[in-house]
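# An overview of the molecular structure
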Amino acid sequence: QVQLVESGGGLVQPGGSLRLSCAASGSIYRLNGMGWYRQAPGKQRELVATITTGGSTNYADSVKGRFTISGDNVKNTVYLQMNSLSPEDTAVYYCNAKIRVRISSLPSDYWGQGTQVTVSS
């Protein structure tokens, strides 16, 4: 069984910063990559940023230059540093991991429970 535990959300003023963390644990044979997605009220879940175990990153256009994703392969942890936050960044942020639980299995998507980020004055 695989678990993703997120932390770091909260309330911040416009222009402020937050750092999200997500740690994967459990029956992990191989971690193929991790990422962050977000879902604002009334909107579909959207990609924020992803990172491979090799360190390659991908960002949504709306967060480029403001958000930075990083990972720790030893700890199976991914981070999202969010700077210059605006009210448009308000959403529930979900951690995603692509994990093989055994040598014979294909990578499957696992999700965290979500952490609320609210940007408001």
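So, here is what we can say about the structure in this document. Keep in mind it's a predicted model, so treat the numbers as computed, not measured.

A separate point is unusual backbone geometry. One non-glycine residue, N76, adopts positive backbone phi at about 50°. Within the element layout of this structure, N76 appears in the loop between β7 (67-72) and β8 (77-82). Phi angles above zero are rare outside glycine, and S84 is one such case at about 50°. Residue class for S84 comes out partly exposed when judged on its relative accessible area of 43%.

Our focus in this paragraph is the nonpolar core. Side chains that are nonpolar tend, in soluble globular proteins, to be buried together. Counting residues in hydrophobic clusters, the biggest one holds 30 residues, and the most contacted among them are M34, W36, L80, M82 and Y93. For this core, the secondary-structure elements that each account for two or more residues are β1 (2-7), β3 (18-26), β4 (30-39), β5 (46-51), β7, β8, β9 (91-100) and β11 (115-119). No other element matches the 5 residues that β9 contributes to this core. Dropping the residues within four chain positions of it, M34 is found in contact with L4, C22, A24, T50, I51, I69, N76, T77, V78, C95, N96 and A97.

Throughout the structure, instances matching the rule amount to 5 salt bridges. For K64, the salt bridge goes to D61, with nearest N and O atoms at 3.1 Å. One connected set of salt bridges, linked through shared partners, spans R38, E46, R66 and D89.

Analysis parameters
Residues numbered from 1 in each chain as written. Predicted model: local features only at pLDDT ≥ 70, side-chain atom pairs only at ≥ 80, totals over all residues. Heavy atoms only, no water. Helix = DSSP H or I, 4+ residues; strand = E, 2+ residues; numbered from the N terminus. Buried < 20%, exposed > 50% of the residue type's maximum accessible area, 1.4 Å probe, protein only. Core = buried A, V, L, I, M, F, W, Y, C linked by side-chain atoms within 4.5 Å. Contact = heavy atoms within 4.5 Å. Salt bridge = Lys/Arg side-chain N within 4 Å of Asp/Glu carboxyl O.

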